[in-house]
Amino acid sequence: VNDAMLTDVAKISPDATLVEATHLMSRERRQSLLVVQDGELQGIITIADLEHSQEGTDQAQTVEEITVRDLLVAYPEEELREAVRRMNRAGVGQLPVVLPDAPHHVLGLLRRVDVISALESKLGTMPPPDQAEAPRRVRAGAFIQVTLPATSPHAYHQLRDLKFPPGILVVVVNRGRHTIVPKGD
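Residues numbered from 1 in each chain as written. Predicted model: local features only at pLDDT ≥ 70, side-chain atom pairs only at ≥ 80, totals over all residues. Heavy atoms only, no water.

Engineer: Please explain the sheet that holds strand β2 (residues 32-37) as it appears in this structure.
Structural biologist: The pairing of strands in a sheet comes from backbone hydrogen bonds and takes either a parallel or an antiparallel form. On the basis of which strands lie adjacent, the open sheet formed by three strands has the order β1-β2-β3 and mixed pairing. Only two strands of the sheet have a single partner each, and these edge strands are β1 (11-12) and β3 (40-46). Pairing analysis gives two bridges linking β1 to β2, with the strands arranged parallel. Paired with Ile12 across the bridge in β2 is Val35. (Pairing = 2+ DSSP bridges. Helix = DSSP H or I, 4+ residues; strand = E, 2+ residues; numbered from the N terminus.)

Below, the structure written as structure tokens:
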């Protein structure tokens, strides 16, 4: 988790108004804000929370009123796949990263986009398909989007030459401006 998480986390005080939160999310281009008071994590708010709460409310409503306090968190030394599993099961797009012995001290934020970037980076450093070791098991029903950089040793191989785990179904491949729907093997 430590290698994938975002450390430049957008934070807001629980006393801030929802208007201020909206402006901060827009300015920082973030999908969520960690709610922090006196250096301690209090909770999180997301764009969806803001959209839902601002329907018919007054401009003075505070972040504290909509803060989600019952948080799932990730730890910097845990395996990325464990944190991703928790995100998927809970249907959330991000997890605050904290120390196990200091759960209110924010170290960072693990977002889905960070996970994809870490995967993309790892794929870019993998050996060519004929030298790659067998990939790890992927949970049934999981959907993963992977973008390979042009510099990846896998970028210009045919799908049949890549070693996917059993049961993986490749639905669509985008190559430049072309979308390819694989058929057969």
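Picking up after the structure, the text goes on.
Engineer: What is the right way to look at the environment of Ala10 in this model?
Structural biologist: Relative to the helices and strands, Ala10 resides in the segment before β1. Linking Ala10 and Glu28, residues 18 residues apart in sequence, is a C-alpha distance of 7.3 Å.

Engineer: Even after reading the chapter, I still don't get the nonpolar core, so can you show me in this structure?
Structural biologist: Within soluble globular proteins, side chains that are nonpolar generally end up buried alongside one another. In this structure, Ile12, Ala21, Leu33, Ile45, Leu50 and Val63 are the most contacted members of the largest nonpolar core, which totals 13 residues. When residues of this core are traced back to their parent elements, those giving at least two are α1 (18-28) and β2. Ignoring any residue separated from it by four or fewer positions in sequence, one finds Ile45 in contact with Ala21, Met25, Gln31, Ser32, Leu33, Val35, Leu50, Val63, Ile66 and Thr67. Membership of the second largest hydrophobic core comes to ten residues, among which are Val1, Ala4, Met5 and Leu110. (Core = buried A, V, L, I, M, F, W, Y, C linked by side-chain atoms within 4.5 Å. Buried < 20%, exposed > 50% of the residue type's maximum accessible area, 1.4 Å probe, protein only. Contact = heavy atoms within 4.5 Å.)

Engineer: Can you help me understand the pattern of salt bridges in this one?
Structural biologist: Pairing is possible between side chains that carry opposite charge, provided their charged atoms lie close to one another. Across all of its chains, the model carries six salt bridges by this definition. Linking Glu78 and Arg86 is a salt bridge whose minimum nitrogen-to-oxygen distance equals 2.7 Å. A relative accessible area of 16% means that Glu78 is categorised as buried. Residue classification places Arg86 among the partly exposed residues on the basis of a relative accessible area of 26%. Between Arg81 and Glu79 there is a salt bridge, with the nearest N and O atoms lying 2.8 Å from each other. Residue classification places Glu79 among the partly exposed residues on the basis of a relative accessible area of 43%. (Salt bridge = Lys/Arg side-chain N within 4 Å of Asp/Glu carboxyl O.)

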